[in-house]
Amino acid sequence: MHFTSEQRLDDGVLEREFTLGEIPGILWTPASASASAPAPLILLGHPPLGLRKMYPRLVGRARHSAAEGFATATIELPGSGDRPRWAAIEQARADLRRVMEAGDPVSDEIIDALILPLVEKSVPEWQAALDALLSLPEIGGPVGYSGGVISIGIRLAVVEPRIVAAGFFAGSLVPAVMFEEARRVTIPLHVLLQWDDEGNDRQAALDLFDAFGSKEKTLHANMGGHTGVPQFAGDAAAQFFTRHLK
């Protein structure tokens, strides 16, 4: 891990950009974090729109988490932002736009082509980032995962034992195979669902929640569309992570 920039935000949060090989990322640590008092870590997932575009939302989540004493970190997804284009994913995105603009149903083939390669490539990258982050003296466990592409979160929850709790944003376009993996998830889950999300298949989201094998899982459903997440929903997620990471 190589740090490329550093700035102290006005609330005392330290923001450091880094690279891990070819992968850009950002780490936020609360002012209270130190080698003698390492902060628990939350990995911030995000949609594949690029870190620069997602930065305002990510830094808002990071500052909210820092106020609760958590460090947070994120990395750029394959084929997004400043990373090299990925022809197969670009084609899958084009196919998705075509069928959605035509008002046709999205086929399983398109969903698989769009999501499964992203899961296969990005999950080991998240694990490598976790290795590097936990080697820093001011970062400690336990570790949580929050948001992003829900299929990535499912795979991480299954294969990464250092992640002990996860907060997911319910979304559609979930490959059928991920429902089988969801049954193997056992860590505590907090799932946020916007009931009127125009881009989300509500029934598919409910079916996926039902499939999770966790003994502790909470569905936090709110009225409103994709961008109408109420402030108190973020507060509930923060309470969830405080319960399981502190």
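Up top you'll find the structure we're talking about.
Below: a short report on this structure. Note that the coordinates shown come from a computational prediction; the quantities given were computed from them, not determined experimentally.

Rules used in this analysis
- Residues numbered from 1 in each chain as written.
- Predicted model: local features only at pLDDT ≥ 70, side-chain atom pairs only at ≥ 80, totals over all residues.
- Heavy atoms only, no water.
- Helix = DSSP H or I, 4+ residues; strand = E, 2+ residues; numbered from the N terminus.
- Rg over C-alpha atoms; globule rule 2.2 N^0.38 Å.
- Buried < 20%, exposed > 50% of the residue type's maximum accessible area, 1.4 Å probe, protein only.
- Contact = heavy atoms within 4.5 Å.
- Areas by Shrake-Rupley, 256 points an atom, 1.4 Å probe, with all protein chains shown as cover.
- Lys, Arg positive; Asp, Glu negative; His and termini not counted.
- Salt bridge = Lys/Arg side-chain N within 4 Å of Asp/Glu carboxyl O.
- Polar contact = N/O pair within 3.5 Å; in protein donor to acceptor, adjacent residues only side chain to side chain.
- 1 Å grid on protein atoms, 1.4 Å probe; cavity = no way out; pocket = protein on both sides within 12 Å on 5 of 7 lines; lining within 4 Å.
- Points joined across faces, edges and corners; volume = space filled by probe spheres on them.
- Nonpolar A, V, L, I, M, F, W, Y, C, P; charged D, E, K, R; others polar.
- Pairing = 2+ DSSP bridges.
- Axes fitted to C-alpha atoms, helices over the stretch in contact; angles between N-to-C directions.

### What to know about the overall build of the protein
At step 1: When helices and strands are counted, the protein shows 7 helices and 9 strands.
At step 2: Against the compact-globule benchmark of 18 Å for 246 residues, the protein has a radius of gyration of 17 Å, which places it among compact chains.
At step 3: Taken along its principal axes, the extent of the C-alpha atoms in the protein is 55 × 40 × 30 Å.
At step 4: A burial count over the protein gives 50% of its 246 residues as buried.
At step 5: A fraction of 68% describes how many contacts in the protein between residues 6 or more apart in sequence connect residues 24 or more apart.
At step 6: In the structure as shown, the protein presents an accessible area of about 11,200 Å², 54% of it carried by carbon and sulfur atoms.

### Topic: the side chain of E76
At step 1: Within the element layout of this structure, E76 appears in the loop between β5 (71-75) and α2 (87-101).
At step 2: For the buried E76, which has no salt bridge, the nearest side chain bearing the opposite charge is R52, at an N-O separation of 6.6 Å.
At step 3: A polar atom in the side chain of E76 sits 3.0 Å from the backbone nitrogen of L51.

### Some thoughts on empty space enclosed by the protein
At step 1: Scanning the entire structure with this criterion turns up 1 cavity of 30 Å³ or more.
At step 2: Put simply, the largest cavity is a space of about 30 Å³.
At step 3: Around the largest cavity, the lining residues are G45, H46, L77, W126, Y145, G148, V149 and I152.
At step 4: When its residues are assigned to classes, the lining of the largest cavity shows 5 nonpolar, 3 polar and no charged.

### Here we look at the sheet that holds strand β6 (residues 139-147)
At step 1: Strands sit in the order β1-β2-β3-β5-β4-β6-β7-β8-β9 across an open sheet of 9 strands; the sheet is mixed. Of all strands in the sheet, those with a lone pairing partner are β1 (2-8) and β9 (217-222), marking the two edges. Each neighbouring strand pair of the sheet contributes to a mean axis angle of 20°, computed without reference to strand direction.
At step 2: In the packing of helix α1 (residues 51-67) onto the sheet, contacts are made with β1, β2 (14-20), β3 (23-29), β4 (39-45), β5, β6 and β7 (163-169), and the angle to β3 comes to roughly 25°.
At step 3: The strands touched by helix α4 (residues 150-159) within the sheet are β6 and β7, with β7 carrying the most contacts at an inclination of about 165°.

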